[in-house]
Amino acid sequence: MVSILFIEDDPAVAEAITLGLNRLGHNVSHRPDGNGDFDDALGTTDLVLLDLGLPGADGYEICRRIRTRSSIPIIILTARSDDIDTVAGLEAGADDYVVKPASPRVLDARIKAVVRRSAPTTTRPDVAPGAETFGDLEVDRSSLQIRKAGTLVTLTPTELRLILALTENPGQVLSRRQLLSAAWDQEYLGDSRIVDAAVQRLRGKIEDDPAAPTVIETVRGFGYRFNTGSAR
């Protein structure tokens, strides 16, 4: 069972989705808007299902607000299907994006996939434990902590899996499909644009000098390369 906070202003949609997901074994709590404080709700919730077209603060703003205080999985559920809306939602911090109308069974599959990907990351047995340094970036695979210039960087589980995958292969170009497999999972049901959005968020946390060479380099037409020298 997944405890879900569902933020949706359309009563008919809210009732249908809530009833369907509850029947599939989830526990759905509904809110009609994004007003107020989410702290109490987030403390007892496993996942947020979020509409974009809400009264007052829209879904993008709510997503950004949640991300300032929590790494809880967020799925955007909306009627907006344009690429620009999808990318904007992912860049705001969402883990997945589902276009309405969506059946409860489809949502159930996406919810389970996102929650599975967001489970605590464990070290792989074939990767040596301990810290590696790449310039001023330190990657500690034993404690699963990332530090920049000695300061701990707060990452979502997806961002952590992504940086671990990239730094396992410094200097090597990894395709979006390879990163989906490594940082998400083989059964991911979405598309590769989520990789681009996650890389953008990760860059914002580990790159702070626009004049310096990029840490995560885009290799156009292929994918991404971790580009901060050799580990030592």
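Structure first, text after, so check above.
A brief structural summary. (Residues numbered from 1 in each chain as written. Predicted model: local features only at pLDDT ≥ 70, side-chain atom pairs only at ≥ 80, totals over all residues. Heavy atoms only, no water.)

Re the overall build of the chain
- When helices and strands are counted, the chain shows 8 helices and 12 strands.
- Of all 232 residues assigned to the chain, the portion counted as buried reaches 45%.
- For the chain, the proportion of contacts with a sequence separation of at least 24, taken over those separated by at least 6, is 59%.
- Of the roughly 11100 Å² that the chain leaves accessible, carbon and sulfur atoms contribute 50%. (Helix = DSSP H or I, 4+ residues; strand = E, 2+ residues; numbered from the N terminus. Buried < 20%, exposed > 50% of the residue type's maximum accessible area, 1.4 Å probe, protein only. Contact = heavy atoms within 4.5 Å. Areas by Shrake-Rupley, 256 points an atom, 1.4 Å probe, with all protein chains shown as cover.)

Quick notes on helix H6 (residues 157-167)
- Within H6, 11 of the 11 residues are buried, leaving the element largely enclosed by the surrounding structure.
- Here H6 has its buried residues at Pro 157, Thr 158, Glu 159, Leu 160, Arg 161, Leu 162, Ile 163, Leu 164, Ala 165, Leu 166 and Thr 167.

Observations concerning the environment of Ala 198
- Tracing the backbone shows Ala 198 in helix H8 (residues 193-206).
- As a C-alpha pair, Ala 198 and Glu 91 span 107 residues in sequence and 7.0 Å in three-dimensional space.

Side note on the nonpolar core
- Val 48 and Ile 216 are the most contacted members of the largest nonpolar core, which totals 47 residues.
- Sort the elements by how many residues they give to this core and H8 lands first, with 7 residues.
- Among residues more than four places away in sequence, those in contact with Ile 216 are Leu 166, Val 199, Leu 202, Arg 203, Ile 206, Glu 207, Tyr 224, Arg 225 and Phe 226.
- Counting residues in each nonpolar core, the second largest holds 16 residues, with Val 28, Leu 107, Ile 111 and Val 114 among its members. (Core = buried A, V, L, I, M, F, W, Y, C linked by side-chain atoms within 4.5 Å.)

Re helix H5 (residues 104-117)
- With 14 residues, H5 should cover 20 Å at 1.5 Å per step; its first-to-last C-alpha distance of 20 Å lies within 8% of that length.
- Inspection of H5 places Leu 107, Asp 108, Arg 110, Ile 111, Ala 113, Val 114 and Arg 117 among the buried residues, and these make up the whole buried set. (Expected span 1.5 Å × (residues − 1).)

Focus on the pattern of salt bridges
- This structure, assessed with the given rule, holds 14 salt bridges.
- Linking Lys 100 and Glu 8 is a salt bridge whose minimum nitrogen-to-oxygen distance equals 2.7 Å. Placement of the pair is Lys 100 in the loop between strand S5 (96-99) and H5 and Glu 8 in the loop between strand S1 (3-7) and helix H1 (11-23), with a sequence separation of 92 residues.
- On the accessibility criterion, Lys 100 (22% relative accessible area) is partly exposed.
- Residue classification places Glu 8 among the buried positions, given a relative accessible area of 1%.
- Each of Glu 8, Asp 51 and Lys 100 takes part in one network of salt bridges that share partners. (Salt bridge = Lys/Arg side-chain N within 4 Å of Asp/Glu carboxyl O.)

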